[in-house]
Amino acid sequence: MRSYLDLVEEKYLNSIGWDPEDSYSQFALNSNNVLDFNIPSHFKMHASSQTTDRTFTDHTLASSSLLTGSVSYLFSTIPFKCDPSSSIPLNCLTQCYKPVYKTAKDLKSPFASMIFGRMHFPGQQLEAMYIQGLGQISAITRWVVDPRLETPLILTSTIQSRSNKWSREFIYSTHENLFGLRALANLCSWEEKNTESRLVSGFEVFYASKKKSPGLSAGIKYQTQYRLNRDWPRISPGNHDASSSSPDELSGAGESDTVSSVTSSAIPLTLSLVTNPLMGSISVAYSLQPTPLLALATRFDYNLYSYLSDLTLGCELWRTTPISLSSEISDDRRDGPISVFKVSTSLASQTAQILWEGSVHDFIVSVGLKFCYSDSSAPAQTGIEITYSV
């Protein structure tokens, strides 16, 4: 499950014209969301709030063998409003298949900035992040301070630039003196009614000068998505409509968008090929959404040097609001999904993971299980995560 502040950060990045998904680091996002979703490992509770139209707070408490937690603060120079957990669309907080392509739009605040800080306890670990929009360029700087590490301070800086065809990221980290470059190119695209098909390629190159260790990855992807010239809409699995109702469009105006109908015979799908020639690995992933209630994905991994292979299968099934209960649900969530059931399995490791996420009154609850079905003595991973925001 994504955190409340992840959603706030995404809204901010959209306001400066940067799509977090328009990066090589998110190259296989749809298949990864269906196959490699996170499973809670213990009990965790998030309590978040928007104190003003520019500031947000988040408090986390987790319990496993040790009671831990964190306190987070976020400040943005532009005002906007985030929905509380009682009305946030579930697919905005869940790692799920995303069938809508966000097209380019006018920048509302291209020079806005954002500051984020988090303190963990009892380990005294500190995190900080500063993002500055510079028109078509954005700069992101992250700090991690942990007295327990050999290098207590780790600094990572990223310069991102984008154009109609390219998006590029230049990365430097003091951890092992790492230099990196990521690039993503839209090779071609074609439209049919309300869908767009795209052929995308990308690569990333890293070099850790401290250990003289290079890294290289490249990939190509074919993708068919619904095309809407608006922010990421709320998909209603109960029908074939994509309703964009971003309540406050980042400007604080509080006006909702009208419903845009998306009807097409084309099925949203993603086919990607990623290779790492230095490690000899090849990964082919295929994911699709045959109905608005169902998403399927499969991935085949193969190593040319060791001849090891793995096949991973997964699916996600959505549940909408029953008609008899629709009057008890908030207007923002009445036409959308209220829960999702996800399952995936790896044939090589012979493990399976199951996840249920849904809205329970004003809370978002995530319950998961991961286990090895070939060894009954192996310990299983279980957990529950609860999110509440006002």
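Parameters and conventions
- Residues numbered from 1 in each chain as written.
- Predicted model: local features only at pLDDT ≥ 70, side-chain atom pairs only at ≥ 80, totals over all residues.
- Heavy atoms only, no water.
- Phe/Tyr/Trp six-rings, centres within 6.5 Å; stacked < 30°, edge-to-face > 60°.
- Buried < 20%, exposed > 50% of the residue type's maximum accessible area, 1.4 Å probe, protein only.
- pLDDT = per-residue confidence, 0-100.
- Helix = DSSP H or I, 4+ residues; strand = E, 2+ residues; numbered from the N terminus.
- Contact = heavy atoms within 4.5 Å.
- Pairing = 2+ DSSP bridges.
- Salt bridge = Lys/Arg side-chain N within 4 Å of Asp/Glu carboxyl O.
- Patch = residues over 30% accessible without salt bridge, like charges linked within 9 Å, V, L, I, M, F, W, Y side chains within 5 Å.
- Areas by Shrake-Rupley, 256 points an atom, 1.4 Å probe, with all protein chains shown as cover.

Draft legend 1. The packing of aromatic side chains, seen in detail. By the definition in use, this model includes seven aromatic pairs. With 5.2 Å between their ring centres and 40 degrees between their planes, Tyr24 and Phe27 make a pair best called tilted. Across the pair, exposure class does not vary: Tyr24 and Phe27 are buried alike. An aromatic cluster of three or more residues is present, and its members are Tyr4, Phe56 and Phe80.

Draft legend 2. Quick peek at the confidence of the model for the protein chain. In this model, the protein chain carries a mean pLDDT of 83, and residues with pLDDT of at least 70 account for 84%. Predicted confidence in the protein chain is weakest over strand β15 (residues 259-261), with a mean pLDDT of 35, and strongest over strand β18 (residues 294-303), with 97. Scored below 50 in pLDDT, residues 229-264 makes 93 contacts in the model with residues more than four places away or belonging to other chains. Taken together, the stretch residues 323-329 has pLDDT below 50 and engages in five contacts with residues farther than four places along the chain or on a different chain.

Draft legend 3. View of the pairing of strand β9 (residues 166-173). Only one face of β9 is buried: it carries Ser167, Glu169, Ile171 and Ser173, and the other face, with Trp166, Arg168, Phe170 and Tyr172, is open. Hairpin connection, strand β8 (residues 153-162) to β9: the antiparallel pair is bridged by three residues. Two strands pair when backbone bridges link them, and β9 and strand β10 (residues 178-192) are joined in this way by eight bridges, in the antiparallel orientation. Paired with Tyr172 across the strands is Phe179, a residue of β10.

Draft legend 4. Up close: the pattern of salt bridges. According to the stated counting rule, one finds ten salt bridges in the structure shown. Here Asp36 ties to Arg299 by a salt bridge, and the two come within 2.8 Å at their closest N and O atoms. In this pair, Asp36 is assigned in the loop between α2 (29-35) and β1 (43-50) and Arg299 in strand β18, connecting sequence segments 263 residues apart. Residue Asp36 is classed as partly exposed on the basis of its relative accessible area of 36%. Residues Lys211 and Glu176 are paired through a salt bridge, measuring 3.2 Å at the closest nitrogen-oxygen approach. Here Lys211 is found in the loop between β11 (195-208) and β12 (213-228), whereas its partner Glu176 is found in the loop between β9 and β10, with 35 residues between them in sequence. A relative accessible area of 58% places Lys211 in the exposed class. For Glu176, a relative accessible area of 25% translates into the label partly exposed. Taken together, the shared-partner salt bridges in this structure form one network comprising Asp36, Arg299 and Asp301.

Draft legend 5. Up close: a nonpolar patch on the surface. A cluster of nonpolar side chains, Leu187, Ile220, Leu271, Leu273, Val284, Tyr286, Phe300, Leu311, Leu313, Leu347 and Tyr373, forms an exposed patch at the surface whose accessible area comes to about 880 Å². When contributions to the nonpolar patch are tallied by element, the ones reaching two or more residues are β16 (269-276), β17 (281-291) and β19 (309-320). Position of Tyr373 relative to the elements: it lies in the loop between β22 (363-372) and β23 (381-389).

Draft legend 6. Highlighting unusual backbone geometry. Of note, the bond from Phe121 into Pro122 is cis; its omega dihedral lies within 30 degrees of zero at 5 degrees. The backbone of Lys212 sits at a positive phi, close to 50 degrees, despite the residue not being glycine. Tracing the backbone through its elements, the reader meets Lys212 in the loop between β11 and β12. Judged by relative accessible area, Lys212 falls into the exposed class, the value being 62%. Positive phi, normally seen in glycine, also occurs at Tyr307, with a value near 65 degrees. With respect to the secondary-structure elements, Tyr307 resides in the loop between β18 and β19.

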